[in-house]
Each structure stands twice: as structure tokens, then as C-alpha cells.
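# Architecture at a glance
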Amino acid sequence: MSKTLILFCFAIFSALSNPIELKISTRNESNIRYFEQLLERSIHSIDHQVNITYIGTLNYQRQISYFEANKVNVIWRMRTKERDQKYRRIDIPLTNGKIAQRLLLVNINNQNKFNNVKNLQDFIDSNSTGVFGENWYDVDVWRHNKLPYIELSGDMNKIYQMLHHGNRGFDYFSRSIIEIENELNVHPYLAIERNLIFSFDTDMYFYIQKDNDALYQLLTNALKSAAKQGIIEDLLYEFYGDLKNKYRLAHRTHITLSVPN
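Residues numbered from 1 in each chain as written. Predicted model: local features only at pLDDT ≥ 70, side-chain atom pairs only at ≥ 80, totals over all residues. Heavy atoms only, no water.

### Some thoughts on the packing of aromatic side chains
Note the cut-off: Two aromatic rings from Phe, Tyr or Trp, using only the six-membered ring of Trp, form a pair when their centres are within 6.5 Å; if the ring planes differ by under 30 degrees the pair is stacked, by over 60 it is edge-to-face, and anything between is tilted. Strands here are runs of E lasting at least two residues and helices are runs of H or I lasting at least four, both read from the DSSP assignment and numbered beginning at the N terminus. Throughout this description, buried means an accessible area under 20% of the type-specific maximum (1.4 Å probe, protein chains only), exposed means over 50%, and partly exposed covers the range between. Whether a charge lies above a ring is judged from NZ of Lys or CZ of Arg, which has to be within 6 Å of the ring centre and within 35 degrees of the ring normal.
Enumeration over the complete set of coordinates arrives at 17 aromatic pairs. Ring plane angle 80° and centroid distance 6.4 Å describe the contact between F114 and Y172, whose orientation is recorded as edge-to-face. Here Y172 lies in strand 8 (residues 172–176) and F114 lies in the loop between strand 5 (101–107) and helix 5 (120–125), a separation of 58 residues in the sequence. Judged on exposure class, the residue F114 and its partner Y172 are both buried. For the ring pair W142 and F200, a centre distance of 6.4 Å and an interplane angle of 90° mean the geometry is edge-to-face. One end of the pair, W142, is in helix 6 (residues 137–144); the other, F200, is in the loop between strand 10 (196–199) and strand 11 (204–208), and 58 residues separate them in sequence. Comparing W142 with F200 shows no difference in burial state: the two are buried. Through a chain of ring-to-ring contacts, three or more aromatic side chains come together here, namely Y34, F35, W76, F206, F239 and Y240. One cation-aromatic arrangement involves K71 over Y66; the distance from NZ or CZ to the ring centre is 5.0 Å. Taking NZ or CZ as reference, R88 lies 4.0 Å from the ring centre of Y216, over its face.

### As for the environment of T57
This is how it is decided: By the convention used here, residues are in contact when the closest approach between their heavy atoms is within 4.5 Å.
Positionally, T57 belongs in strand 2 (residues 50–57). Each C-alpha atom, one on T57 and one on N115, is 36 Å from the other, the two residues being 58 residues apart in sequence. Leaving out residues up to four positions away in the same chain, T57 has contacts with T26, R27 and E29.

### Some thoughts on the packing of helix 2 (residues 32–45) against helix 10 (residues 231–240)
Let me state the cut-off plainly: To get an axis, a line is fitted to the C-alpha atoms, and for a helix only the part in contact is used. The angle between two axes follows their N-to-C directions and goes from 0 to 180 degrees. Roughly parallel here means an angle under 35 degrees, roughly antiparallel means over 145, roughly perpendicular means 65 to 115, and every remaining angle is called oblique. The sense of a crossing depends on the near helix, which, turned anticlockwise from the far helix by less than a right angle, makes the crossing left-handed and, turned clockwise, makes it right-handed. Side-chain classes are defined by residue name, with Ala, Val, Leu, Ile, Met, Phe, Trp, Tyr, Cys and Pro counting as nonpolar, Asp, Glu, Lys and Arg as charged, and the others, Gly among them, as polar.
At a closest axis distance of 10 Å, the pairing of helix 2 and helix 10 adopts a crossing angle of 150°. Here helix 10 runs roughly antiparallel to helix 2, going by the angle between their axes. The two elements helix 2 and helix 10 cross, and the hand of that crossing is right-handed. Only I231, I232, L235, L236, E238, F239 and Y240 of helix 10 make contact with helix 2, whose side of the interface consists of R33, Y34, Q37, L38, R41 and S45. Within the contact of helix 2 with helix 10, the residues separate by chemical class into eight nonpolar, two polar and three charged.

### Some points on the nonpolar core
What counts is decided by this rule: Only buried Ala, Val, Leu, Ile, Met, Phe, Trp, Tyr and Cys residues count toward a nonpolar core, and they belong to the same one when joined by side-chain atoms within 4.5 Å.
With 71 residues, the main nonpolar core has L22, F123, F173, F206 and L219 as its most contacted residues. Residues contacting F206, with those up to four places away along its chain left out, are F35, L38, L39, V74, I75, W76, R88, R89, I90, L94 and L223. One finds Y60, I64, V72 and Y87 within the second-largest nonpolar core, a separate group that totals 10 residues.

### Some words on the pattern of salt bridges
Two side chains carrying opposite charge are able to pair once their charged atoms lie near each other. In plain terms, the rule: We define a salt bridge as a side-chain nitrogen of Lys or Arg found within 4 Å of a carboxyl oxygen belonging to Asp or Glu.
Within this structure, the stated rule accounts for 14 salt bridges. Residue E179 is joined to R175 by a salt bridge in which the shortest nitrogen-to-oxygen separation is 3.4 Å. The pair formed by E179 and R175 is uniform in burial state, with each residue classed as buried.

### Some remarks on the pairing of strand 7 (residues 149–152)
To keep it simple, the criterion reads: Pairing between two strands is assigned when DSSP locates at least 2 bridges connecting them. Seen with its strands pointing away from the viewer, a crossover is right-handed if its path from the first strand over the helix to the second goes clockwise.
Pairing of strand 6 (residues 130–133) with strand 7, which is carried by four bridges, proceeds in the parallel orientation. Note that in strand 7 the partner of G130 across the bridge is Y149. For the segment spanning strand 6, helix 6 and strand 7, crossover handedness is right-handed.

### A short note on the confidence of the model for the protein
Cut-off, in case you're wondering: What pLDDT conveys is the predictor's confidence in a given residue, as a value from 0 to 100.
The pLDDT averaged across the protein works out to 91; a share of 93% of its residues lies at or above 70. Confidence over residues 6–16 falls short of pLDDT 50; this stretch has five contacts with residues more than four positions distant or in other chains.

### Some remarks on the environment of N70
With respect to the helices and strands, the residue N70 is situated in the loop between helix 3 (60–68) and strand 3 (75–78). With 138 residues separating them in the primary sequence, N70 and I208 have C-alpha atoms 9.4 Å apart. When residues no more than four places from it in sequence are discounted, the contact partners of N70 are K23 and Q209.

Laid out in C-alpha cells, this is it:
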């Protein structure tokens, strides 16, 4: 056996025997298991091992601080120009667009406010105000579509109680169809608005540090493999079920929102 072949075999053996070490956190407990399993199964699909350390729930600013200090080495975010310039995006969408299909979490007594909405202008005319966490991508989308919103800093869990009490100047909390069920289970005093679904053209992506070439190549290969093998679609169904029928998507009024360039 040649020296080159021996070195190549050793490199393959090392890659297979030394697990990839990933450190992750989340801003929202409702989706951590999906993204954790997506990382794990994707990496296993290319015959690598992985150790994933979950360091807990962090707010937006703290998570970015941890990420930039390499205390977290993978985050998932909506794609933006700013993030693409600052970090390195793994260019495989993670939810097949479902993260950007939105239902409204509302006060259980406020359904009538939305009953006559048939299009975007009707929604604007309803004088309904949304609420988002600080620096969320949704803020840019809502602003771009001239929709009123309030942006709150700190712990997003306070939003649910504030929406329930109904005296904080907002009427709904836009949530993805893969987020809303878990959140409603935790906050059953709220309701899912019955008639509308919003969508915009984006998805969630994994981001890593700019200079981590090895991790970039590994995650790119792993996620391409996951998409090709149907792992992403299988996981979406495993974690969230038949979303089309669960939320009667074909019977809802579909409102498409444009996204900033």
C-alpha cells in the first residue's frame, strides 16, 4: 500500500472515529428538537458521528454574543444580506419554506377582528397590529408591507401573557405553522386565528463562523444528503404532522407578503 493511500485511509478513519462537536442554543424551546435532529441525522447520513451540546435558551443578543465568541458554533436564522456578509450560510433551506408560512396567534375573544379580511389591503384596513421580538427578520417583512407592528426586547415569553391580557397595543403574534402548535399547548388561553395564512419567500438556514471551512464543507455535504434522501421532509412530518390538513390550509385565505431586497 502506498504512503498516499495509507494517509488517505487514516484521514477517513479519523473523520469517522472522531465525532464532530457542535454547540447549539435556541431562542424558542418549541423547535429545538427538530433542528437538533436535523443536524444529527444529516451528519449520520454521510457516515460521520456528532456530539451536540445544547447550552439552553438565550435571547437574540445573548445568542449572537455566544456565537461570535464561539461558545455556540451553529445557529439557525432567516437569510438576510447582513447575516450573509457577517457569517457563513449553509445554503440548504431547513424547512422547505414552512417556517415562512404563518398563522396568527390571537386573544381567544378577538376572532371577529379578522373575519372580513380577504386580501392584504383588508388586513391593513383592519388596523391590526402585530408583535415581534427584537431584531427579528419578520420586522423587516412587516415594515416592507406597511403592516403595523410592535417590537419588544428581552424574553419573548412575555408576549403570550401580554397578548392574552389584550391591553398592550397589539392584536396578534405571527407564528410559523411548525411553531404554533407547541406554543399553543404551552399557552392554551390563546387561539389560532381561523381564516388566514400568510407566506413570504424565505427559509431558515444554518449559519457558522466565516473561517470554519471544515465545518462548512461537512454541513453542506450533510444537508445535501439529507435533502436528497428525504430526511428533511420526513423530519417535518415526524415532528409536525400533516400540516395541510391540520390547519385546513386549502380553505384559508392566503395572503402573500413581499420581502425586502
